[in-house]
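The chain contents come next:
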Amino acid sequence: MSAQSALRLTNALSQTPEDFAPHVAEEVRLYARGVATPEGFHLGHLRALVHVDVVARWLRRRGFLVTHTRDLVDLDDEQLPNGATSRGIQALEQDLELLGTIPPDRSFRVSAHVNDIIASVQSLLDQGRATIAPDGGVYLAVDDEQETKRELPLWTATREGERGWGAPWGTGRPAWT
């Protein structure tokens, strides 16, 4: 990347700005977490999605092959009135269109990939990079560059009556929903 087109991003772990460099030359994969539609969404959610859209456009204009993926959080479907999640997703997409964003290259409903998520969490457990809490939740251990230990939730144990999926370590759901 030339100096005039350098992109600096803040590393979330170290909280320091770094020059952007793709893992594969001229290819960038962007992932944007969708909005948990049962509670609705607000300007802050839209801001984050618009931000990813702006970064994708900037990278494309500089010749990068960008694949932009966004998930659609739909895990509370059974607890909502019929069609509420679908209406929330439709409203989100309409608002993003009004803001002039370009739809992502790929989008998917999280509920269609829970087995993939379970397999990923199990892989992290097998590698010793995650731990199971006494309540059945699973946490990723993260050491940042200042050697501060943090744990990021990967899987939340569900209580009786809540929607959950069976996993080798207990019934629950992806933690970010």
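See above for the structure.
First, a word on scope: everything that follows refers to the structure included in this document. (Residues numbered from 1 in each chain as written. Predicted model: local features only at pLDDT ≥ 70, side-chain atom pairs only at ≥ 80, totals over all residues. Heavy atoms only, no water.)

### Side note on the overall build of the protein chain
As a reminder of what qualifies: Counting from the N terminus, the helices are the DSSP runs of H or I reaching at least four residues and the strands are the DSSP runs of E reaching at least two. Relative accessibility under 20% of the residue-type maximum defines a buried residue, over 50% an exposed one, and the middle range a partly exposed one, all with a 1.4 Å probe and only protein chains included. The contact definition used throughout considers only heavy atoms, calling two residues in contact when any of these lie within 4.5 Å. Residue exposure ignores everything except the shown protein chains as possible cover, and the areas themselves are Shrake-Rupley values with a 1.4 Å probe.
When helices and strands are tallied, the protein chain shows three helices and nine strands. Tracing the protein chain from N to C terminus, the helices and strands come up as β-β-β-α-β-α-β-α-β-β-β-β. Taking all 177 residues of the protein chain together, 35% fall into the buried category. Within the protein chain, contacts between residues at least 6 apart in sequence are counted, and of these 57% link residues at least 24 apart. For the protein chain, the exposed area adds up to about 11,200 Å²; of that, 51% sits on carbon and sulfur atoms.

### Some thoughts on the side chain of T69
Inclusion rule: N or O atoms closer than or at 3.5 Å make up a polar contact, with two conditions inside protein: a donor-capable atom paired with an acceptor-capable one, and, for residues adjacent in sequence, both atoms drawn from side chains.
One can find T69 in strand β4 (residues 65–72). On the basis of relative accessibility, which here comes to 7%, the residue T69 falls in the buried class. One polar contact links T69 to R106, side chain to side chain, over a distance of 3.3 Å. Setting aside residues no more than four positions away along its own chain, T69 makes contact with L30, Y31, A32, P104, R106 and F108.

### Examining helix α1 (residues 43–61)
We count it as follows: Helices are assigned an expected span. That span is 1.5 Å times one less than the residue count.
Between its first and last C-alpha, α1 extends 26 Å over 19 residues, near the 27 Å set by a 1.5 Å rise per residue. All buried positions along α1 are accounted for by L46, L49, V52, D53, V55, A56 and L59. Positive backbone phi, approximately 95°, marks G63, located one or two places after α1.

### A few points about the nonpolar core
In plain terms, the rule: Residue types Ala, Val, Leu, Ile, Met, Phe, Trp, Tyr and Cys, when buried and joined through side-chain atoms within 4.5 Å, form a set referred to as a nonpolar core.
I118, V121, V138, L154, W155 and W169 are the most contacted members of the largest nonpolar core, which has 18 residues in total. Elements with a contribution of two residues or more to this core: α3 (114–126), β7 (138–143) and β8 (149–157). A total of six residues in this core trace back to one element, the largest contributor, which is α3. Beyond its immediate chain neighbours, meaning those up to four positions away, V138 contacts V121, L125, A130, T131, I132, L152, P153, L154, W155 and W169. With 15 residues, the next largest nonpolar core counts L7, V28, L46 and L49 among its residues.

### As for the packing of aromatic side chains
Cut-off, in case you're wondering: Between 30 and 60 degrees the pair is tilted, below 30 it is stacked and above 60 it is edge-to-face, where a pair is any two Phe, Tyr or Trp rings, Trp via its six-membered ring, whose centres lie within 6.5 Å.
Applying the stated criterion across every chain yields a total of two aromatic pairs. Where F20 meets F64, the ring centres are 6.1 Å apart and the plane angle is 70°; that geometry is what we call edge-to-face. With F20 in the loop between β2 (17–19) and β3 (27–32) and F64 in the loop between α1 and β4, this residue pair connects regions lying 44 residues apart in the sequence. Using a relative accessible area of 8% as the deciding quantity, one classes F64 as buried. Here W155 and W169 contribute two aromatic rings whose centre-to-centre distance is 5.6 Å and whose plane-to-plane angle is 90°, an arrangement assigned as edge-to-face. Note that W155 is positioned in strand β8 and W169 in the loop between β8 and β9 (172–174), a separation of 14 residues in sequence. Just as W155 is buried, W169 falls in that class too.

### Let's talk about the sheet that holds β4
Our working definition: For two strands to count as paired, DSSP must find a minimum of two bridges between them. Note on definitions: angles span 0 to 180 degrees between N-to-C directions of axes, and those axes are lines fitted to C-alpha atoms, for helices only across the stretch in contact.
Spatial strand order, β3-β4-β5: three strands in an open sheet with parallel pairing. Each of the sheet's edge strands pairs with one partner strand only, and the pair in question is β3 and β5 (106–109). If you compare each strand with its neighbour and ignore which way they point, the axes differ by 15° on average. The sheet contact formed by β4 and β5 spans four bridges and is parallel. The residue of β5 that forms the bridge with R70 is S107.

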